[in-house]
Structures are given as structure tokens and as C-alpha cells.
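# Results of the structural survey
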Amino acid sequence: MARPLGLALALLLAVSVTVPPPVSSADDHARCEGAVKGWADSAGEGDSGGDKLNLKDLLFFLHIPRTGGRTYFHCFLKKLYTNAQECPRSYDKLRFDPSHPDCTLVVSHDDYSLTSKLPRERTSVVTILRNPVDRVFSTYEFSVEVAARFLVHPNLTSAKTMTSRVLTKSRAVSTLDIWPWKYLVPWMREDLFARRDARGSKNVQSSKKINAYDVEDMVMPLHQYINDPVAHEIIHNGATFQITGLTNNSYFDGAHEVRHCVRKHPDLGRFVLQVAKNRLDRMLYVGLTEDHEESARLFAHMVGAQVLSQSGALKLDVQEDQPSGTDSHSSMLDQEDEETNEHMNSTHGWKNNEGLNTTEDDHGKGNMTVGKLMETYEGCIAKLRKSQSSRRKISLKKVAEANFTKAARRQVPQAILNQIISLNSLDMELYEHAKNIFKQEHHMLKGQHPMVVKQKQSADQMVSSSSSYKGQHPMVVQQKQLTDQKDWIDKVCESWNCSTWWKVASFGLGIAVTTVFVVFVVTGRRTLKLKV
């Protein structure tokens, strides 16, 4: 008995010699505070200013997982950009090449640090945020869904071998190549096989519990999932870390230290959160998953209209904001269906970029309007909803008791919801900030033609003579002229301290002159047509 005890003491002594002395909590906090503040200062300096509302040469869609971004990729961006304009394999960080000469579109799960590889001063960034609680639920559900597809194999070894063989021969980009799924899916896959093996050895079936998120003998329960170190590293506050470029997939070498310090000392999160808010403030567009209809409309106006305008493909249509004959609610995705439409991949991966862009239902880009772009989007997501709903049902057949629905979510205990909120405190505050930005976007474009908004942003494009209006719709010309007239009056009155009646009289005179001009343009066009 003495010998084992002596050996144990010797080992303990050896460990005590090799382990460095503990650092006091105060010293560690001071070190971390210096690291986090230093990063925050450098991150702020690296952000370029300029007019955020004008689309620049390169569009970077920073795709936060489980926000519906894949729907935007297929149903908006694939209709606006050609294959040649899309940066090759932008979803696949390991093989991504931003130096492609015609590259004007990047869509990626890579975090904001990717901009270090892009011409930042010529890059516009857009993103979509989601309620953090719903995003955690959806991340859990999608992890189970994709991992469950491997259960067709007899065992985990067979699943890994077959997947490796297929991916080696294929040029496709697989889910297992993409962050964060390259970590989350294998983790869940291993757990599913372990639970299936345990059920098989006991020769019992899974118990059918009321709560689909707690079928522990078949699927890792939600409460275990959110408390696992993997979830702490990748999922919680994921939107904040992605927008600040601090994920475990970052191009920034010091990302791990900063992220670790914030998790260890939550009070330091305020520095990271402020950087994230500043980044959102400078983005061209910020959408919300929960308000997907209005988000889609704003995206079409704020981003789509400018892409079409830059390519010379936009045809002004003053009726484009009028409701179509079909009910938009019937063709738009509801929240639950949208979650199943985000990824177009099978178990073994996506098709490559060339194969994805089969836009047989595209409107001709030379005759595109924002209204037609929205119609195309609605038709596209209707198809995705049908195909992905079917895919999800097939994927979850092997774990049928994990029936993830809105009703099932309501069965989850409030204590677990509260824990998710606590674990995602940075994301919760960032989401509130995103909602305020979204309101500003809505008010800015409310009731205005998208091209009028764009023209008002650039002073050098303001109208100074009748030649500036050549080839434009008369109603747009009139609206632009009235806007310019009001701006001119306001500038003059800043110096002269004009009375209210003088402003009204001057603006009324401007309206009269503008109306006469538009009538003259319209009459002139008709006269030319008659002469011809």
C-alpha cells in the first residue's frame, strides 16, 4: 500500500513543480483588460468611414448562421450578380480567393476579420441579425438535422469513411467545410451514434417525451447542448463575435485571447459590444430575420436597386411599390419554414458555384425593376420552402421524437430560456441596437422611390439643368426637383433667417416652375413621337 501512495505523491510533486504559480484574479483581469482595450482601439482605427448608404465596388454579405442569409443568397444575390462577379468559393475560407479580377460579391460565414483580405475602403458590408434565443434554438435544430442524415450508415466509422471518400473526389463545398458547421455537425453526429448504440445495446426504443428538446436517449438535450464547452466557444454571443471578427475562425491572430478574456471577465464585453455596434452603424444594410417581409423589401430598395443601377440594368418603375395581385403573405416564408431554407446542401455538400446559378425563372436583367426583383424573390423562396421542408422531414426520420416545431419550443422550461438569454447577453443588446438601425432604414425609405433616395445621397448627382433629366421618368424628375428646391431654400434661409411665409411662397413658386417644366418635357416627347 505504501508503494502506490509514494508513487502518487511523487507524481503530485512533479506536477506542482511544472505548473506555473497561479495568477491572482486582479492581475489576470488587468492583463485581459489591456488586451481587450488594445484590440478595441485598433479595431476602431481600422474601420473606414464614408457614405455608408452608397454601394461600393465590392459587396460583402456577412452571413450570421441561422438568420435566413442563404435565402437572400439564392433568391436575391444570385439574381443580381453573375457567376463571374461572385468571388469563387467565398463560403469556403480554406479555398477562398478574393483577388479574382471580376470579384464584386462575397457571401460568407467568415467573420468580419475577412475584410483584412478585401479592399476595405471599396467594400460595403451587409448582414442580418436574429433574436438570439431563436438563433440558439435554430442552431441546435440544424445541428441535429444535418447530423441525423448520417444515421443511414451502420456505424460512425462507416459514416466518416464514406463522407471522406465522397468529399475527396468532389469539388463541391460541403457543410463540413463551412464554419460553424464543420465543428457543430461532427460533434452532434458523434453524439447521435453514441446514443443510438446505447439504445441498441439495451434493446429498447426511445421514450416519447412531450418535450422534443429533451429526448435524451435519442438526441442530446437542449439544456446539455447550451452548457457544453463547444457551445460556449462557438454559439453563445456568436453574432457579436462574428461582427467583431473574434470567432475561432478569425483571420486575427489574437482573437482567441480577446474572446477568452471576455468570457472569463464578462464586464470586458462592453468594449467588444461597442465595436460591434459601431460596425453595424457603418453597414450598408442591416436586416432582421423576424421581420423578414420588410427586411426583404428594404434589401431590394437599399441594395438591389443600387446593384442594378451600377450595372445599368435598372428600369425605373414608379408603380413598383404597389401591391401585386397575389397575396405576399402566402408566398413569403414564415419563421419556421425559413429556418429550413437556409442551406441548400445535401449530406455530401453543395454544388459548386457554377451549378448553383440556374436562374431559369429570372427576369431579364436588362428590364429589371425593384418590383420585379421582389416578385422573383417571392417565387424563389416558395420553391425553397417546399424542397427544404421535405428535406428536413426526411433528415429527422431517424430521430422522429425530436419533432422541432414552434409549439414544441413553447414546451421548453422558462429556466432554460432564461439561461440562453444570460449566456447571450452581448447578442441580446446588439440585437436591440440592430432593431433601432432597422427602424431608421424603414423611415428613411418610407414612401420614397429608391432611386430618389440614392440621388439625394450624392450632391454631385443633384440636378442643375434640364440636361440632367434626360431619359428619366417625368414623375421622378419632378420629385427630384422639388427635393432640390426645398434644400436650396433651407440653405439660403440659414443665412437670411427667412420667415415661414417666405419659405412657403418660394417653395410654391418652385412647384409651379417644376410643373411647367414637366409638362413641357412630356409635350415635347409626344411631339417628337408624332413627327416620327
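Since the model is a prediction, treat every value here as computed from it, not as a measurement.

Going from W179 to P180, the amide bond is cis rather than trans, its omega being 0°. Mapped onto the fold, P180 is located in the loop between α5 (156–169) and α6 (181–202). One non-glycine residue, R66, lies in the positive phi region at around 65°. Its location among the elements puts R66 in the loop between β1 (58–62) and α3 (69–80).

Here we take up the pairing of β1. Side-chain positions along a regular strand alternate between the two faces of the sheet. In terms of residue burial, β1 counts as a mostly covered element, since five of its five residues are buried. Side chains L58, F60 and L62 project from β1 onto one buried face, and the interleaved L59 and F61 project onto a second face that is buried too. For β1 and strand β3 (residues 123–129), the ladder comprises five bridges, and the chain directions are parallel. Across the sheet, L62 pairs through a bridge with T127, a residue of β3. Taken together, the four bridges between β1 and strand β2 (residues 105–108) define a ladder with parallel strand orientation. Bridged to F60 within β2 is V106.

Another point: the packing of aromatic side chains. All chains considered together, the criterion is met by 15 aromatic pairs. Ring geometry for F76 against Y377: centres 4.3 Å apart, planes inclined by 10°, an arrangement best described as stacked. Of the two residues, F76 sits in helix α3 while Y377 sits in helix α16 (residues 370–395), which places them 301 residues apart along the sequence. You'll find F76 and Y377 in the same group, each marked buried. Cluster of aromatic residues (ring-pair linked, three or more members): F61, Y72, F76, Y285, F299 and Y377. Above the plane of the ring of F150 lies R189, whose end atom (NZ or CZ) is 4.7 Å from the centre.

Attention shifts here to helix α4 (residues 132–148). Over its 17 residues, α4 runs 24 Å from end to end, which matches the ideal 24 Å to within 8%, given 1.5 Å per residue. Among the 17 residues in α4, 17 count as buried, and that is most of the element. Between the side-chain oxygen of the N-cap and the backbone nitrogen of V133 there are 2.9 Å, and the N-cap of α4 in question is N131.

Mapped onto the secondary structure, T247 falls in the loop between α9 (238–244) and α10 (255–264). At 2.6 Å, the side chain of T247 and the side chain of D111 are in polar contact. If near-sequence neighbours (up to four positions away) are discounted, T247 is found in contact with D111, W179, F241, Q242, A255 and R259.

Let us look at the state of the cysteines. According to the stated counting rule, one finds three disulfides in the structure shown. In this model C32 forms its disulfide with C261; the gap between the sulfur atoms is 2.2 Å. Since a negative S-S torsion denotes a left-handed disulfide, the C32-C261 link at about -70° is left-handed. One end of the pair, C32, is in helix α2 (residues 25–46); the other, C261, is in helix α10, with 229 residues separating them in the sequence. The same class applies to C32 as to C261, namely buried. In this model, C75 is linked to C380 through a disulfide, with the two sulfur atoms separated by 2.1 Å. Its S-S torsion of about -70° marks the bond between C75 and C380 as left-handed, since a negative value means left-handed. Taken together, the residues C75 in helix α3 and C380 in helix α16 connect sequence positions 305 residues apart. Under the relative-accessibility criterion, C75 is labelled buried at 0%. A residue is classified by how much of its surface remains accessible, and C380, at 8% relative accessible area, is buried.

For T123, the position within the fold is in strand β3. With relative accessibility at 7%, the residue T123 sits in the buried group. Separated by 2.8 Å, the side chain of T123 and the backbone oxygen of P119 make a polar contact. Once residues lying within four places of it in the same chain are set aside, the contact partners of T123 are K56, L58, F60 and L118.

Let's shift gears to the pairing of β3. With seven of seven residues buried, β3 is to be regarded as a mostly interior element. Relative to strand β4 (residues 285–288), β3 runs parallel, the two sharing four bridges. Looking across to β4, one finds that I128 is bridged to G287.

Criteria and cut-off values
Residues numbered from 1 in each chain as written. Predicted model: local features only at pLDDT ≥ 70, side-chain atom pairs only at ≥ 80, totals over all residues. Heavy atoms only, no water. Helix = DSSP H or I, 4+ residues; strand = E, 2+ residues; numbered from the N terminus. Buried < 20%, exposed > 50% of the residue type's maximum accessible area, 1.4 Å probe, protein only. Pairing = 2+ DSSP bridges. Phe/Tyr/Trp six-rings, centres within 6.5 Å; stacked < 30°, edge-to-face > 60°. Lys NZ or Arg CZ within 6 Å of the ring centre and 35° of its normal. Expected span 1.5 Å × (residues − 1). Polar contact = N/O pair within 3.5 Å; in protein donor to acceptor, adjacent residues only side chain to side chain. Contact = heavy atoms within 4.5 Å. Disulfide = S-S within 2.5 Å.

The values reported here are purely geometric and, on their own, carry no functional implication.
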